[in-house]
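Residues per chain are reported as follows:
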Amino acid sequence: MADPLIRMRGITKNFPGVLALDDVDFTLWPGEIHALMGENGAGKSTLVKVLTGAEAFETGAIYLGGAAKPVINHSPQEAQGRGISTVYQEVNLCGNLTVAENLFVGRQPRRAGFVNWREMNRRARQVMEGIGVDIDVGKPLEGYSIAVQQMVAIARAIDISATVLILDEPTSSLNDQEVAKLFDLMRRLKADGLGIIFITHFLEQVYEVCDKITVLRNGRLVGEYAVETLSRTDLVAAMLGRAFDDLAAIQHKAAPVTGESGTPVIAARGLGVRGGVKPFDLDIYEGEVVGLAGLLGSGRTEVARAIYGADTADQGTLDVKGARPKHHPIDSMRAGMAFCPESRKDEGCLQDLSVRENIILAEQSKRGMRLMSRSEQEKIADEYIRLLQIKTASMETPIKQLSGGNQQKVIVARWLATHPDFLILDEPTRGIDVGTKAEIQKLCVRLADDGMAILFISSEIDEMLRTCGRIGVMRDLHKVGELAGDELSSSAIMAKIAGGEADE
Amino acid sequence: MSDVVTRDAGPAAGPGPGGAARRVFRRILHSRLTFPLVCLLLVLLLNVIVTTATTGSPGPFFQIALTNGTLNGPLITILNRSSELVILALGMTMTVSCSAGTDISVGAVMAFSGSVSIWLLGFGTLPQNDYHVKAYVVPYVVGLLVAVLVGALCGVWNGFLVSRLRIQPMVATLILFTGGRGLAKVFADGQIDKVDVASYKWLGNFIQDSSGKNIVPVPTAIFIAGGMVLVTALVLRYTPLGMNIQAVGINNKASRILGLKSARLILLAYVFCGVCAAIAGIIATSRIGGIDANNCGKLIELDAILAVALGGNSLAGGKFSLSGSVIGAITIQALTTVLYSINVSADQLPFYKAIVVVIIVVLQSPETRPMWERFKARWRRTAPSVTAGDAA
Amino acid sequence: MSAVDVGRPGRPSRPGLLGGIWRGLRARFYGNNFLVLITIVLFAAMYIVGIFIYRDKNFGSLNSFFDMLNSNPGLIVIAAGMTMVLVSGGIDISVGSQVAMYCMMLAYFMEHKGVSAATMIVVVLVTGIVFGLVQGVLVAYFRIQPFIVTLAGMFFARGMTAMISPQTIDITNRDFMGLATKRIYFPFGGYTNAAGVYQRPFIYLSVVLAVFALLVVFTIMTWTKFGRNVYAVGGGEQSALLMGLNTRRTKLTVYTFNGLLTAFGGFLFCLFSTGGAVEKAQGFEMQAIASSVIGGALLTGGVGNVIGSFFGVLVQTTITKFINFNGTLANGWSSIVLAAIMSFFIILQSVFAYVRNKRR
């Protein structure tokens, strides 16, 4: 048997405060499509970055081919020189250049020192035909669909003699036919003996095209499986984790009356975003914590964004306490909504502003042009800093100096300060320590007890089971079901998420 | 609770001996106003040294004398001459903060609004009077209001391009930078229009009574600039506009989630910048008692940008300090004064300003520190005996 | 698996003759090349209109066309250099002041210090390279915004001009004036003026030099590795870096080369204006930027065509000519019309970008 293309052994990597990879092994054989799976923060992108030299690692070793001596890549270029190429979801090519140029940039065929366009185009056509794509290589890349752009990126990678191809979520922005084309290409490359690492969050695709699956969770290796031996439900379980941790059990109120009594706080009917989440129905009543489960990219975040108006919904209707707000966040806020977005850094924190300003901003913008007095601001900030036990040097400290968990609490405080009727928490516990997680979960339940309606999104099912009275399940941008009361169990949810053989 | 207090609490908080003192020092060092104030003090010191060298004592620089009903002295001159720049810096601070962009059209807008207002004041009478306004055709106040309106409209245009069409600010304002001065010339009929009404000169000089005697001993421009700073500061103090503008500049996406309408705020900042330019234009035209479309506010946009940068504000937008920009503007004028006093001509001035700009931006560059560290490391390697203990 | 067509850009093909023409046009002028086409069409249209309106002023004669070139040799070269800088994703607003500085250097040292013309030309070109190098280091290695760096460069050069000499100096150096007045006559295309004398059309030597420089820049941008790297860096610095290009060195080279071009353009400008003065070439940088923008360069980088910038210069010059011929318009109008045309192109670019993003 041939040697494996890549053997990674005992890879460990720390980020400040987080153990990103903990003693992870990974092996890739020639002629194999190997899926790398895991939720956010599982460490799959870190593992790839370590392999390609984009990040350094602390302990462990990487062996290439049959070599006995480990190698360390210091940059993606160096990795490329060793035959390891990566194609990202966001195509890293230059859209303004032609297809041919993108294939040959930096190594154009030349004659007498000048770029030989004719030769370059000829060879580019050859390369593209080689992977079964017939396009005009003389046109700028940006004129083509993302699918074609990705194929060009792949073509470039294999033309620079790649033996290992890493595809990082290549299918997220492709339609079904395009995905089929990509899979055809992947199978061809596999037949040529390449090793392909395939990162995706679409289960169906893994079963369609992959040979092996390596699952990571919280920086640890869960296991390496052959595709045939692992059922969908088992895969979901491996990714999401089943072991109950010993967090303090939260008094989980019996599912509140969700019957026809009273109007729901939120009533979505056929709400959808073209090119985003497919139309869905969702009712949320006072005093209720509703969860949204699903894998990354399944549409759970998109549902929240459509309800809040962060993305403009162009289908269906949304009633908030019987009224219909317009689709701008400020209108949603005035209608009593609050939204803690998924990405703390991109959409939450205003890094240079102080903790006080970060806390009062939402309430302030709700109130309009009259600035709250300094003493009122300080009162609110102080109240929530104490309520949520935010650890900060002072309320005037810039939020960027706080730890992740405390930043998250500030964002939650910001929205609590608006006294919403309906609060959306999108992955409020991601990337924060266990203690803070439990606090946020408890807070959720307490707020619901006081009558607030809450939509809670998380990739940890246990967390949702502890906090939610009802859980909607998302798969491939569709809402595929809703579980409540006795139906709520991690295996039932996972089966729903997995779909396919386990579903219907 | 495992969450440790501010794990990454900035570079401060070094424990051990001297930690507290170092913290205080660091805080002073990191305060936003330290940098502009130090710059201003340095330049003033330079002024004092030059005065001492030429007159034998530092006294004359601080002297303020009342002659002919006006206060005179180097400090008054600096404040007076910096008025336009201070006003422009206010507007520029806002556009830089919320759109990370500079409005390079302010100089042209000064000329344009000034030109329109004089055209209106002497409406229909200019050609036969050899391009002198002998008497106001419309009330003076209307002329002023129209000037401000023109500035605001220019701001609307710039703001529309930046906020709605998402054109880079420098490019968007390049249009009025080119065309504004042309419009000014058209309204001035390609002439240097003069205003012969005495009151026209009040705003740029001194307020006088009917006999031509100065009533107020302080140059009017200082009041206007002071008033603008005060009004702006009050608006920022009593409305959330300042905070909202900073929020948009720091993180546009997060601001949207917070319910802020960034396009509107950016538009507002550009309109304010246009209004500031118009007011600066009113002062500038009043100073010379007319409009010279070619030279009114020429290259002043660059000084305004420099004032913002000198004020310790990042040109990449976000958090701003209004007082910093004001200090920056005064610093530039003080620098100009000292250079004039050592016989540097107006034409040579930019040379020195360039050196100041380069020093500021190199110091602010994120690459400078690592580059310096690398340099130090290399130096250490070549001289191991000195720091052998540290390295071990 | 058979070779399949995977989504060509644009709409599904249309049948019939119109569809054929449409496809043919699209094949040649997609996206931003289309902007260049618009510029050329615009110029042609303006020119034809001019021929009819100003028939009495011999607008249609070759002399009139050559006039436009003869008065702009410097701008042609500098607009080409500006296009290169814009393509790389940067900007250089120091070129106007630099031109003033080079004019002053030539005038002062030849007239007051008796340095020979040949020596001074070399000195100016070397100064340009050094000037560009320093700006390039600040942009590429210190990562300071190009606008700020070249703003400082603009101040520096203008101040330096005044430091060399505050006076206006006219050049009388015989070698230099020989170059400046060297005419190349054309045997046809002239006209007979009111006095009955046949006017032979001519171009100055400086125009030949300018066009030569333009072609050199075009060649470099189209057929050399460096030129293509500039497009790659402007199209996406991160991508270019990941594709293994040395983006810093590329940017450094861009600014250095632009310094050389600016010095050469300054020399040609001086051949036309034959003198040095502090306020020479005021606003020249904006004319150069306007030419590039009108010629289809995208200020966000990655797109631009040196030939387009040449037509940008012609469009601008035609506007000025119109205004001058008209006589009744104040001289402010040329900059107003220029600003209007620039707004048109900038808004068009913005629309293109919007459509492209929408299609994604």
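About the thresholds
- Residues numbered from 1 in each chain as written.
- Chains lettered and ligands numbered in written order.
- Predicted model: local features only at pLDDT ≥ 70, side-chain atom pairs only at ≥ 80, totals over all residues.
- Heavy atoms only, no water.
- Helix = DSSP H or I, 4+ residues; strand = E, 2+ residues; numbered from the N terminus.
- 1 Å grid on protein atoms, 1.4 Å probe; cavity = no way out; pocket = protein on both sides within 12 Å on 5 of 7 lines; lining within 4 Å.
- Points joined across faces, edges and corners; volume = space filled by probe spheres on them.
- Contact = heavy atoms within 4.5 Å.
- Buried area = accessible area lost by both parts, 1.4 Å probe.
- Salt bridge = Lys/Arg side-chain N within 4 Å of Asp/Glu carboxyl O.
- Polar contact = N/O pair within 3.5 Å; in protein donor to acceptor, adjacent residues only side chain to side chain.
- Axes fitted to C-alpha atoms, helices over the stretch in contact; angles between N-to-C directions.
- Parallel < 35°, antiparallel > 145°, perpendicular 65-115°, else oblique.
- Nonpolar A, V, L, I, M, F, W, Y, C, P; charged D, E, K, R; others polar.
- Patch = residues over 30% accessible without salt bridge, like charges linked within 9 Å, V, L, I, M, F, W, Y side chains within 5 Å.
- Areas by Shrake-Rupley, 256 points an atom, 1.4 Å probe, with all protein chains shown as cover.
- Expected span 1.5 Å × (residues − 1).
- Buried < 20%, exposed > 50% of the residue type's maximum accessible area, 1.4 Å probe, protein only.
- Phe/Tyr/Trp six-rings, centres within 6.5 Å; stacked < 30°, edge-to-face > 60°.
- Core = buried A, V, L, I, M, F, W, Y, C linked by side-chain atoms within 4.5 Å.
- Lys, Arg positive; Asp, Glu negative; His and termini not counted.
- Charge placed at Lys NZ, Arg CZ, Asp CG, Glu CD.
- pLDDT = per-residue confidence, 0-100.
- Pairing = 2+ DSSP bridges.

The residue K321 of chain A is not glycine, and still its phi comes out positive at about 50°. Its place among the elements puts K321 of chain A in the loop between β15 (315-320) and α10 (329-334). Phi angles above zero are rare outside glycine, and L299 of chain B is one such case at about 60°. Tracing the backbone shows L299 of chain B in the loop between β5 (290-291) and α13 (300-310).

A few words on empty space enclosed by the protein. In total, this model carries five cavities of 30 Å³ or more according to the counting rule given. Space inside the largest cavity adds up to approximately 270 Å³. Around the largest cavity sit 17 residues that line it, and Q80, T86, Y88 and N92 of chain A together with L242 of chain C are the ones nearest its centre. Contributions of two or more residues to the lining of the largest cavity are made by α2 (76-81), β5 (84-87) and α5 (146-159) of chain A. Of all the elements, β5 of chain A adds the most residues to the lining of the largest cavity, at four residues.

Let us now look at the interface of chain B and chain C. Taken together, the 43 residues of chain B in the interface contact 39 residues of chain C. A buried area of about 3,600 Å², summed over both sides, lies between chain B and chain C, and 81% of it is on carbon and sulfur atoms. Of all residues in chain B, I175, L302 and F351 of chain B give up the largest surface area on contact with chain C, accounting jointly for 15% of the area buried on that side. Connecting chain B to chain C are two salt bridges.

With that settled, the discussion passes to the interface of chain B and chain A. Often, the extent of an interface is quoted as the loss of accessible area on bringing the components together. Tallying the contact residues gives 32 residues for chain B and 44 residues for chain A. When the two sides are added together, the surface that chain B and chain A hide from each other amounts to roughly 3,000 Å², 62% of it contributed by carbon and sulfur. Of all residues in chain B, the largest losses of buried area upon contact with chain A belong to M243, I257 and L258 of chain B, amounting jointly to 24% of the total for that side. Counting the contacts that link chain B with chain A gives zero salt bridges. At the surface where chain B touches chain A, the tally comes to eight residue pairs in polar contact (both at pLDDT 80 or more). If you list the elements that add at least two residues to the side of chain B that touches chain A, you get α9 (220-238), α10 (241-250) and α11 (252-257) of chain B. Top contributing element to the side of chain B that touches chain A by residue count: α10 of chain B, with six residues.

Before going further, it helps to spend a moment on the packing of helix α9 (residues 205-223) of chain C against helix α10 (residues 225-235) of chain C. All names here are of chain C. Between α9 and α10, the least distance of the axes is 5 Å, while the angle of their chain directions is 70°. With respect to each other, α9 and α10 are oriented roughly perpendicular. Here I220, M221, T222 and W223 of α9 come into contact with α10, specifically with K225, F226, G227, R228, V230 and Y231. Classifying every residue of the contact of α9 with α10 gives six nonpolar, two polar and two charged.

Let's shift gears to a nonpolar patch on the surface. Among the surface-exposed residues, V38, L42, L45, L46 and I49 of chain B lie close enough to one another that they form a single nonpolar patch of about 450 Å² accessible area. By the element assignment, L42 of chain B lies in helix α2 (residues 34-55).

Residue and element names in this part refer to chain B. With 19 residues, α9 should reach 27 Å at 1.5 Å per residue; the first-to-last C-alpha distance of 27 Å fits that figure. Of the positions making up α9, those classed as buried are T220, A221, I222, I224, A225, M228 and T232. Against α4 (74-81), α5 (83-99), α12 (262-288) and α14 (322-341) lie the buried residues of α9.

We now examine the packing of aromatic side chains. Under the criterion given, the structure shown has 28 aromatic pairs over all chains. Seen from their ring centres, W119 of chain B and F187 of chain B are 4.9 Å apart, and the 80° between their planes marks the pair as edge-to-face. With W119 of chain B in helix α6 (residues 106-121) and F187 of chain B in helix α8 (residues 169-187), the pair connects residues that are 68 residues apart, well separated along the chain. What links up through ring pairs into an aromatic cluster is the set F43, Y47, F65, F66, F186, F310 and F311 of chain C.

Glancing now at the nonpolar core. What tends to happen in soluble globular proteins is that the nonpolar side chains get buried as a cluster. Counting residues in each nonpolar core, the largest one holds 359 residues, and the members touching the most others are I307, W415, F422 and L455 of chain A. When sequence neighbours within four positions are dropped, the list of residues in contact with W415 of chain A reads Y308, M333, A338, F339, C340, A362, P420 and L423 of chain A together with I257 and L258 of chain B. The next biggest cluster of nonpolar side chains, apart from the first, holds 25 residues, and it includes I11, L51, L64 and I166 of chain A.

Let us now look at a positive patch on the surface. Together, K326 and R334 of chain A together with R164, R166, K261 and R264 of chain B give the surface a local cluster of positive charge. Within the element layout of this structure, R334 of chain A appears in helix α10.

Glancing now at the confidence of the model for chain C. All names here are of chain C. Looking at chain C, the pLDDT average stands at 85 and 88% of residues meet or exceed 70. This stretch, residues 1-15, has a pLDDT under 50; its non-local contacts, to residues over four places away or in other chains, come to 31 contacts. Overall fold confidence (pTM) sits at 0.82, and the ipTM for the predicted complex is 0.81.

Here we take up the sheet that holds strand β12 (residues 266-272) of chain A. Backbone hydrogen bonds hold the strands of a sheet together, and the pairing may be parallel or antiparallel. Residue and element names in this part refer to chain A. The strand order across the open sheet built from three strands is β13-β12-β15, with neighbouring strands paired in antiparallel fashion. Looking at the sheet topology across the chains shown, the edges are occupied by β13 (280-284) and β15. Shown here is a sheet whose adjacent strand axes are inclined to one another by a mean of 10°, direction ignored. Here four bridges tie β12 to β13, and the two strands are oriented antiparallel to one another. Counted as the bridge partner of I266 is I284 from β13. Docked against the sheet, helix α9 (residues 300-308) engages β12, β13 and β15, running at close to 70° with respect to β13.

What follows is about the environment of I257 of chain B. Looking at the secondary structure, you find I257 of chain B in helix α11. Along the backbone, I257 of chain B and P370 of chain B are 113 residues apart, and their C-alpha atoms lie at a distance of 36 Å. Ignoring any residue separated from it by four or fewer positions in sequence, one finds I257 of chain B in contact with Y308, A310, P329, M333, F339, P341, E347 and W415 of chain A.

Here the focus is the pattern of salt bridges. Residue and element names in this part refer to chain A. Taken as a whole and assessed by the stated rule, the structure comprises 35 salt bridges over all chains. In this structure, D319 engages R324 in a salt bridge whose closest nitrogen and oxygen atoms are separated by 2.7 Å. A cluster of three or more residues bridged by salt bridges with shared partners is formed by E288, R470, K479 and E482.

Moving on to the side chain of T250 of chain C. Residues and elements named next belong to chain C. Mapped onto the elements, T250 comes out in helix α12 (residues 247-273). With relative accessibility at 7%, the residue T250 sits in the buried group. Separated by 2.8 Å, the side chain of T250 and the backbone oxygen of N246 make a polar contact. Apart from the residues lying within four places of it in its own chain, the contact partners of T250 are F226, N229, V230 and V233.

Our next topic: the pairing of strand β8 (residues 164-168) of chain A. Residue and element names in this part refer to chain A. Judged by how many residues are buried, β8 sits mostly within the fold: five of five residues are covered. Of the two faces of β8, the one holding V164, I166 and D168 and the one holding L165 and L167 are both buried throughout. Pairing analysis gives four bridges linking β5 to β8, with the strands arranged parallel. Directly across from T86, in β8, lies its bridge partner I166. Relative to strand β9 (residues 195-199), β8 is paired through five bridges, and the arrangement is parallel. Bridge pairing in β9 places L167 opposite F198.

Take the sheet that holds strand β14 (residues 289-293) of chain A next. All names here are of chain A. The strand order across the open sheet formed by six strands is β16-β17-β18-β14-β19-β20, and the pairing between neighbours is mixed. Sheet topology places β16 (337-340) and β20 (478-484) at the edges, where each strand pairs with a single neighbour. On average, adjacent strands in this sheet sit at an angle of 15° to one another, irrespective of strand direction. As paired strands, strand β19 (residues 470-475) and β20 are joined by six bridges and run antiparallel to one another. Opposite V473, over in β20, you have G481 as the bridge partner. Against the sheet, helix α14 (residues 404-416) makes contact with β16 and β17 (422-426), and its axis sits at roughly 175° relative to β16, the strand it touches most. Contacts from helix α17 (residues 490-498) reach β14, β19 and β20 within the one sheet, and its direction differs from that of β19 by about 25°.

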